[in-house]
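What the coordinates show
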Amino acid sequence: MIKLAIDLGSWVTKIYKSGCGVVLSEATCAAVEQLPGAGRYNIKFLGEKARALSGKSAQNTHIVNPVVDGDIIHPDIVADLLGYFLEKIEITPRRARKTEVIFVLPCGAKPELKKKYFRLADDCNIGKVYFTQVPFAAVLGHNVPLSDSTPVFSVDIGYGLTNIAAFSLDGVIAGMSLNLGGGNIDVHLMDYMAENYNLRIGALTAERLKNTVGSFLPDDDKLMVVDGRDASTGAPASVAVRTSQIFEVLALYVDKIIEYIVLMISQLPAEVASAVMHSGVFLSGGLCKADGIAEYFSSKLRITANTFDEPQLAAVIGAGTIISSESLTEKVATQD
């Protein structure tokens, strides 16, 4: 039996194969050509090839992100995209029938979202479906031991959503999904460059700027030359941007996430809050690659913040750990 974990993110889809590890990490993106007639389209490119066309596509080609804030908003395109990804890792429709898949869902996912995933699995001929929530998966992806009696606190900052939860193997004690993430920072950086430097940049450039010079270390002074076009003339233009110049943009959203963390901890039962103060919070998600982010969280929360190598892969690795273990599947995975 083939066992897969799939984290269908707003920006990147990750797939873990039991016995092999992470076998795919590719853009959740499609380049679509609209055809005459309502709802008719032709998919030109999928994945990274589609993302590469962002801001450069022809007039009749649209770049579609079919998953937004954890929700599947273009089911047919997502089915084509996931089928394409499965083919890339040599899971043909026939092999998919003998495949068990665990999908990583946002904290507190509604039944309507699960129905969309069941339809997606059916469209891709997947044999058996399980679900787990991001907090469980992300913490297990960091090899943090879980028990029924020892709560842990997880903060996963994705592109479209941030998932925050206190939980144990016995279940979620308190949790929430916020429409805040790395994507908000990218949009703000685009506006910031236009307002302060008269430079128009696209989403890919904004993401690269965030990942290249974005840092929470007080003395960090990384530099990136940002290419775009002059907002007044439309002519090509470039501006040198340093870490300190975009820090406030990053901090605005991280500070908002920290506000929600403080609020949740303040409402936890005393014993749970005490356990969290002792073990700290566990950070994951793409934004947690930024230098100094664990120290920043620690200074604001006044408790230990733990992050690890490749935090953007934590959830899919943890989900892979769950699907690879019968006991964990029984404990923290569901089929409905």
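What comes next is a walk through the structure.

Calculation notes
Residues numbered from 1 in each chain as written. Predicted model: local features only at pLDDT ≥ 70, side-chain atom pairs only at ≥ 80, totals over all residues. Heavy atoms only, no water. Helix = DSSP H or I, 4+ residues; strand = E, 2+ residues; numbered from the N terminus. Rg over C-alpha atoms; globule rule 2.2 N^0.38 Å. Buried < 20%, exposed > 50% of the residue type's maximum accessible area, 1.4 Å probe, protein only. Contact = heavy atoms within 4.5 Å. Lys, Arg positive; Asp, Glu negative; His and termini not counted. Charge placed at Lys NZ, Arg CZ, Asp CG, Glu CD. Salt bridge = Lys/Arg side-chain N within 4 Å of Asp/Glu carboxyl O. Expected span 1.5 Å × (residues − 1). Axes fitted to C-alpha atoms, helices over the stretch in contact; angles between N-to-C directions. Left-handed = near helix turned anticlockwise from the far one by under 90°. Nonpolar A, V, L, I, M, F, W, Y, C, P; charged D, E, K, R; others polar. Phe/Tyr/Trp six-rings, centres within 6.5 Å; stacked < 30°, edge-to-face > 60°. Lys NZ or Arg CZ within 6 Å of the ring centre and 35° of its normal. Disulfide = S-S within 2.5 Å.

Quick word on the overall build of the chain
Within the chain, the secondary structure is distributed over twelve helices and 18 strands. A globule of 336 residues ought to have a C-alpha radius of gyration of about 20 Å, and the chain, at 21 Å, matches this closely. Counting only C-alpha atoms and orienting by the principal axes, one finds that the chain spans roughly 60 × 50 × 35 Å. Looking at the chain as a whole, 50% of its 336 residues are labelled buried. Within the chain, contacts between residues at least 6 apart in sequence are counted, and of these 61% link residues at least 24 apart. Looking at charge distribution, the chain has the averaged site of its 30 positive side-chain charges lying 6 Å from that of its 37 negative ones.

Examining the pattern of salt bridges
According to the stated counting rule, one finds eleven salt bridges in the structure shown. One salt bridge connects Arg119 with Asp123, and the closest N-O pair in it is separated by 3.7 Å. You can see Arg119 and its partner Asp123 sitting in helix α4 (residues 111-123), four residues apart, about one turn around the helix. Measuring nitrogen to oxygen at the nearest pair gives 3.4 Å for the salt bridge that ties Lys256 to Glu259. Placement of the pair is Lys256 and Glu259 together in helix α8 (residues 243-266), with a separation of three residues, close to one helical turn. Via salt bridges that share partners, Asp76, Arg119 and Asp123 belong to a single interconnected network.

Side note on α8
Spanning 24 residues, α8 covers 33 Å between terminal C-alpha atoms, matching the ideal 34 Å at 1.5 Å per step. Inspection of α8 places Thr243, Ile246, Val249, Leu250, Ala251, Tyr253, Val254, Ile257, Ile258, Ile261, Met264 and Ile265 among the buried residues, and these make up the whole buried set.

Regarding the packing of helix α6 (residues 182-197) against α8
At a minimum axis distance of 10 Å, the contact between α6 and α8 shows a crossing angle of 145°. The element α6 and its partner α8 pack so that their crossing is right-handed. Of the residues in α8, those in contact with Asn184, Ile185, His188, Leu189, Tyr192 and Tyr197 of α6 are Gln245, Ile246, Val249, Leu250, Leu252 and Tyr253. Its residues placed into classes, the contact of α6 with α8 shows nine nonpolar, three polar and no charged.

Digging into the packing of aromatic side chains
Counted under the stated rule, the structure contains eleven aromatic pairs. With 4.9 Å between their ring centres and 55° between their planes, Phe103 and Tyr117 make a pair best called tilted. With Phe103 in strand β9 (residues 99-105) and Tyr117 in helix α4, this pair connects stretches of sequence that are 14 residues apart. Members of the aromatic cluster, joined through ring pairs, are Phe103, Tyr117, Phe118 and Phe131. One cation-aromatic arrangement involves Arg51 over Trp11; the distance from NZ or CZ to the ring centre is 3.6 Å.

Some thoughts on the state of the cysteines
In a disulfide, the sulfur atoms of two cysteines are covalently bonded to one another. One pass over the full model with this rule turns up zero disulfides. The thiol of Cys107 is unpaired, and the distance to the nearest cysteine sulfur, on Cys288, comes to 16 Å. Classification of Cys107 by relative accessible area gives buried; the value is 10%. Distance from the sulfur of Cys124, which forms no disulfide, to the nearest cysteine sulfur (Cys29) is 17 Å. Residue classification places Cys124 among the buried positions, given a relative accessible area of 7%.

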